[in-house]
Amino acid sequence: QVQLVESGGGLVQTGGSLRLSCVSSQSIFSINAMGWYRQAPGKQREMVAEFRSGSVTDYADSGKGRFTISRDSAKNTVYLQMNSLKPEDTAVYYCNARTGWPKIYASWGQGTQVTVSS
């Protein structure tokens, strides 16, 4: 089972930026897809951004134009650059890996808290 550790969250003001990091215990070449997900209080967990085979990326509408997912294969790390943060971005952010189909995710970790103040 792949192990993933998230970091980089924090408290920022509206319009600020953060870069989240996710370090994998396995080579990311062996992982079908990796992505970032978030869950805000009282809301369902949602996909934020994903890397898929062929370096194809997918973004939720809420983050398009503001968020960028990237990776450093040598470091087995996936990043999420978040710019122009809004209060509604406040949530616990999780990194995870999944199969292509069906979409079976690895175990969810502790995540990293992102809080955006007005």
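As the structure is a prediction and not an experimental result, all values here were calculated from the model.

**Comments concerning the overall build of the protein**
On a plain count of helices and strands, the protein comes out with zero helices and ten strands. Across the protein, helices and strands are ordered from the amino to the carboxyl terminus as β-β-β-β-β-β-β-β-β-β. For 118 residues, the compact-globule estimate of 2.2 N^0.38 gives 13 Å, and the protein sits close to it at 13 Å. Oriented by its inertia axes, the alpha-carbon framework of the protein measures out at about 40 × 30 × 25 Å.

**With respect to the state of the cysteines**
Inspection of the entire model under this criterion finds one disulfide. The disulfide partner of Cys-22 is Cys-95, and the gap between their sulfur atoms is 2.0 Å. Given an S-S torsion of about -70°, the disulfide between Cys-22 and Cys-95 has left-handed geometry. Linking Cys-22 in strand E3 (residues 18-24) with Cys-95 in strand E9 (residues 91-98), this pair joins segments that are 73 residues apart in sequence.

**A short note on the environment of Ser-7**
On the secondary structure map, Ser-7 appears in strand E1 (residues 4-7). Each C-alpha atom, one on Ser-7 and one on Ser-17, is 14 Å from the other, the two residues being ten residues apart in sequence. Apart from the residues within four sequence positions on either side, Ser-7 is in contact with Arg-19, Leu-20, Ser-21 and Thr-112.

**Some words on the nonpolar core**
Membership of the largest hydrophobic core comes to 28 residues, with the highest contact counts inside it found for Met-34, Trp-36, Ile-69, Leu-80, Met-82 and Tyr-93. Secondary-structure elements contributing two or more residues to this core are E3, strand E4 (33-39), strand E5 (46-51), strand E7 (67-72), strand E8 (77-82), E9 and strand E10 (112-117). Here this core takes four residues from E9, the largest share from any one element. Not counting residues up to four positions away in its chain, the partners in contact with Leu-80 are Leu-18, Arg-19, Leu-20, Trp-36, Val-48, Ala-49, Phe-67, Thr-68, Ile-69 and Tyr-93.

**Concerning the sheet that holds strand E6 (residues 57-59)**
Reading across the sheet, the six strands line up as E2-E10-E9-E4-E5-E6 and stay open at both edges, with mixed pairing between neighbours. Two strands close off the open sheet at either side, each with one partner strand: strand E2 (10-13) and E6. Neighbouring strand axes in the sheet, compared pairwise and without regard to direction, differ in orientation by 25° on average. The pairing of E5 with E6 spans three bridges and is classified as antiparallel. When the bridges of E6 are listed, Phe-51 appears paired with Thr-57.

**Some points on the sheet that holds E1**
What the four strands build is an open sheet, ordered E1-E3-E8-E7; its pairing is antiparallel. Every interior strand has two partners, whereas the edge strands, E1 and E7, have only one. Looking at each pair of strands side by side, their axes are set apart by 15° on average, direction ignored. In this sheet, E8 lies alongside E3 in antiparallel orientation, the contact comprising six bridges. Pairing of Ser-21 across the sheet is with Tyr-79, part of E8.

**Quick look at the side chain of Thr-77**
Looking at the element boundaries, Thr-77 is found in strand E8. For Thr-77, a relative accessible area of 5% corresponds to the buried category. At a separation of 2.8 Å, a polar atom in the side chain of Thr-77 contacts the main-chain carbonyl oxygen of Lys-75. The residues touching Thr-77, leaving out its near neighbours within four places in the chain, are Ser-21, Cys-22, Val-23, Ile-28, Ser-70, Arg-71 and Asp-72.

Parameters at a glance
- Residues numbered from 1 in each chain as written.
- Predicted model: local features only at pLDDT ≥ 70, side-chain atom pairs only at ≥ 80, totals over all residues.
- Heavy atoms only, no water.
- Helix = DSSP H or I, 4+ residues; strand = E, 2+ residues; numbered from the N terminus.
- Rg over C-alpha atoms; globule rule 2.2 N^0.38 Å.
- Disulfide = S-S within 2.5 Å.
- Contact = heavy atoms within 4.5 Å.
- Core = buried A, V, L, I, M, F, W, Y, C linked by side-chain atoms within 4.5 Å.
- Buried < 20%, exposed > 50% of the residue type's maximum accessible area, 1.4 Å probe, protein only.
- Pairing = 2+ DSSP bridges.
- Axes fitted to C-alpha atoms, helices over the stretch in contact; angles between N-to-C directions.
- Polar contact = N/O pair within 3.5 Å; in protein donor to acceptor, adjacent residues only side chain to side chain.

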